[in-house]
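Fold and geometry: a report
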Amino acid sequence: MKDIFSTAPLHHTAGSPAPSKAAFSVLSEQDFANACSEIMAWEGYEATPLVSLAGLAEQLGVARIDYKNEGPRFGLGSFKALGGSYAALRVLQRELSAKLGREISLEEIRNGDHRDACAQITLVSATDGNHGRSLAWGCQRFGAPCRIYIHAEVSEGRAEAMRDLGAHVIRIDGDYDESVVLAKTEAEQNGWFVVSDTSWEGYTEPPRDVMAGYSVMTREICETLEDAPTHVFLQGGVGGLAASVAAGLRQFYKDASPRVVIVEPDLAACLFDSAKAGKATTFAIAEETIMAGLSCGEPSEMAWEILSEEAADFLTIPDSIVAPTVRLLANGETGDEVVEAGESAVAGLAAVIAARQDQALSETLGLDETSRVLLIGSEGVTDPAIFEAIMAGADHV
Ligand SMILES: Cc1ncc(COP(=O)(O)O)c(C=O)c1O
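Scoring rules and cut-offs
Every chain is numbered independently, its residues counted from 1 as its sequence is written. Selection of residues for local features in this predicted model requires a pLDDT of at least 70, selection of side-chain atom pairs for listing and counting requires 80 or more, and totals for whole chains, interfaces and linings are taken over all residues. Remark: hydrogens and water are excluded; side-chain values derive from all non-hydrogen atoms of the structure. Only Phe, Tyr and Trp rings are paired, with Trp represented by its six-membered ring, and only when their centres lie within 6.5 Å; those with planes under 30 degrees apart are stacked, over 60 edge-to-face, the remainder tilted. Starting at the N terminus, helices and strands are each numbered in turn, a helix being any DSSP run of H or I of at least four residues and a strand any DSSP run of E of at least two. Burial here depends on accessible area, computed with a 1.4 Å probe over protein chains only, as a share of the maximum for the residue type. Under 20% is buried, over 50% is exposed, and the range in between is partly exposed. Criterion used throughout: strands pair if DSSP finds at least two bridges between them. Lines fitted to C-alpha atoms define the axes, with helix axes restricted to the stretch in contact, and inter-axis angles between N-to-C directions lie between 0 and 180 degrees. UniProt positions are given in the numbering used here, feature names are shortened, and annotations may be inferred rather than shown by experiment. To be near a molecule or strand, a residue needs just one of its heavy atoms within 4 Å of it. Polar contacts, as used here, are pairs of N or O atoms within 3.5 Å; protein pairs need one atom able to donate a hydrogen and one able to accept it. Residues neighboring in sequence count only if both atoms are side-chain atoms. A 1.4 Å probe and the Shrake-Rupley method give the accessible areas. Residues count as covered only by the protein chains that appear here. Note that Gly is not counted as nonpolar here; it falls among the polar residues with everything else outside the nonpolar set of Ala, Val, Leu, Ile, Met, Phe, Trp, Tyr, Cys and Pro and the charged set of Asp, Glu, Lys and Arg. What a helix should span is 1.5 Å times the count of its residues minus one.

As a further point, take the packing of aromatic side chains. Tallied over the entire structure, the rule returns 9 aromatic pairs. A ring pair is formed by Tyr45 and Phe74, whose centres lie 6.3 Å apart and whose planes are at 55 degrees; its orientation type is tilted. Taken together, the residues Tyr45 in the loop between helix H3 (29-39) and strand E2 (50-52) and Phe74 in the loop between strand E3 (64-69) and helix H5 (84-100) connect sequence positions 29 residues apart. Its relative accessible area of 22% is what places Tyr45 among the partly exposed residues. For Phe74, a relative accessible area of 13% puts it in the buried group. Pairing Trp304 with Phe314 gives two aromatic rings, centres 5.9 Å apart and planes at 45 degrees, and the pair type is tilted.

Structure representation (structure tokens):
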């Protein structure tokens, strides 16, 4: 096992962190507070566990590893449950307020006071699975029709989970970025509303709400930890998760905020390339990574605004170390609590393990025996067939 990690080709590029305003202006403290007070009032809300991986920390020679396990989130399997559903609610709020000529509260919609009107507002999105599941769940809760566009590589298990939540699922031949374009085009033609987790020029409200929704996770972490982490390893798809957590930590810990290390698959490294170029940059995906949730070629512009100020390091990892990390967490061999995690959840942990086998990289990242590392275990077993195959020893699925 150690060999796999010590020989893994990781790539590092330094960010140019200059925390000044984005962590407070792109996403404000008020945005986060509003999202937290709404989502924490939802039926079924429960904080997810922050798991201490003390055994593994000792083996790796760091002081702590805390792993926020988002698997149980609202029974949907991932942190994404917090974003798409909240953004859906906010779109409905804006539309109903405009139609009815008065400010409609989130609570009215949540309580079903406008169910007939909601049934006339169709919400759509492209997804690799988890965001769509969250949106479908929100639409089902609030009574709005939902259309989800998925690309060729999204597993049937993930598609089925969205159908089960009442979504109409449209599968295309192309990749994620093509599914984003189709969702956008069909929405424009039909008067539907795109609820995307990624932002682009002129499209910022739903992705801001999505990222605000994720802040519930950061709030729970900050309220649980006794000491600020020294490092946070954040996996990147379009960058929404990383930007939201980085901003939330900055708002909470101010100057004592941890060093932000972004981790991406080497097959989909758009944030890494953006850091190298000094501006949001597209990565041409040639092959799909095992980390389905991180297979994104275009960074979210708003997320990049935050990460360009907050992230100190950008790493890419190869797919080869993902399945071994899933098994390590799930088979209890470190003596820690067993965690069943999906492929995208373990990217940060895989990077930490590999970095600790590489003296030079550890030094570059400032990782040593005093480090307190925070990780976001962004999903549980969102596709049981894939998880079973990995646990049976498969490294590629
Ligand atoms: C499980 C999981 N982790 C991480 C991410 C990355 O989030 P983002 O695209 O906001 O960077 C995703 C995105 O779909 C995901 O599903």
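The 7 strands lie next to each other as E1-E10-E9-E8-E11-E3-E2, forming an open sheet whose pairing is mixed. Both outer strands of the open sheet, strand E1 (11-14) and E2, are each paired with one neighbouring strand and no more. Shown here is a sheet whose adjacent strand axes are inclined to one another by a mean of 25 degrees, direction ignored. Of the pairings in the sheet, the one linking strand E8 (residues 231-235) to strand E9 (residues 259-265) comprises 5 bridges and is parallel in character. Paired with Leu234 across the strands is Ile262, a residue of E9.

The next thing to look at is the sheet that holds strand E5 (residues 146-150). Strand order across the open sheet formed by 4 strands is E6-E5-E4-E7, with parallel pairing between neighbours. The sheet is open, and its two edges are formed by strand E6 (168-171) and strand E7 (193-194), each paired on a single side. Here 5 bridges tie strand E4 (residues 123-127) to E5, and the two strands are oriented parallel to one another. Paired with Ala126 across the two strands is Tyr149, which belongs to E5.

The UniProt feature table records "domain: Tryptophan synthase beta chain-like PALP" (unreviewed entry) at residues 44-364. Each end of residues 44-364 is marked by a C-alpha atom, and these two atoms are 43 Å apart; helix forms 46% of the span and strand 14%.

Around the ligand sit 16 residues, and of these Asn130, Gly237, Gly239, Leu241 and Ser378 come closest. The separation between an oxygen atom of the ligand and a polar main-chain atom of Gly240 is 3.0 Å. At 3.3 Å from an oxygen atom of the ligand is found a main-chain nitrogen or oxygen belonging to Gly293. Coverage of the ligand by the protein chains reaches 100% of its 390 Å² of free accessible surface. Considered class by class, the residues forming the shell around the ligand number 4 nonpolar, 9 polar and 3 charged.

Another aspect to go through is helix H8 (residues 130-142). A turn of α-helix holds 3.6 residues, and therefore any two residues three or four places apart point the same way. Compared with the 18 Å implied by 1.5 Å per residue over 13 residues, the 18 Å span of H8 between its first and last C-alpha is a close match. With 11 of 13 residues buried, H8 lies mostly within the body of the structure. Looking at H8, one finds that the buried residues are Asn130, His131, Gly132, Arg133, Ser134, Leu135, Ala136, Trp137, Gly138, Cys139 and Phe142. Looking one or two residues beyond H8, the residue adopting positive phi is Gly143, at roughly 85 degrees.

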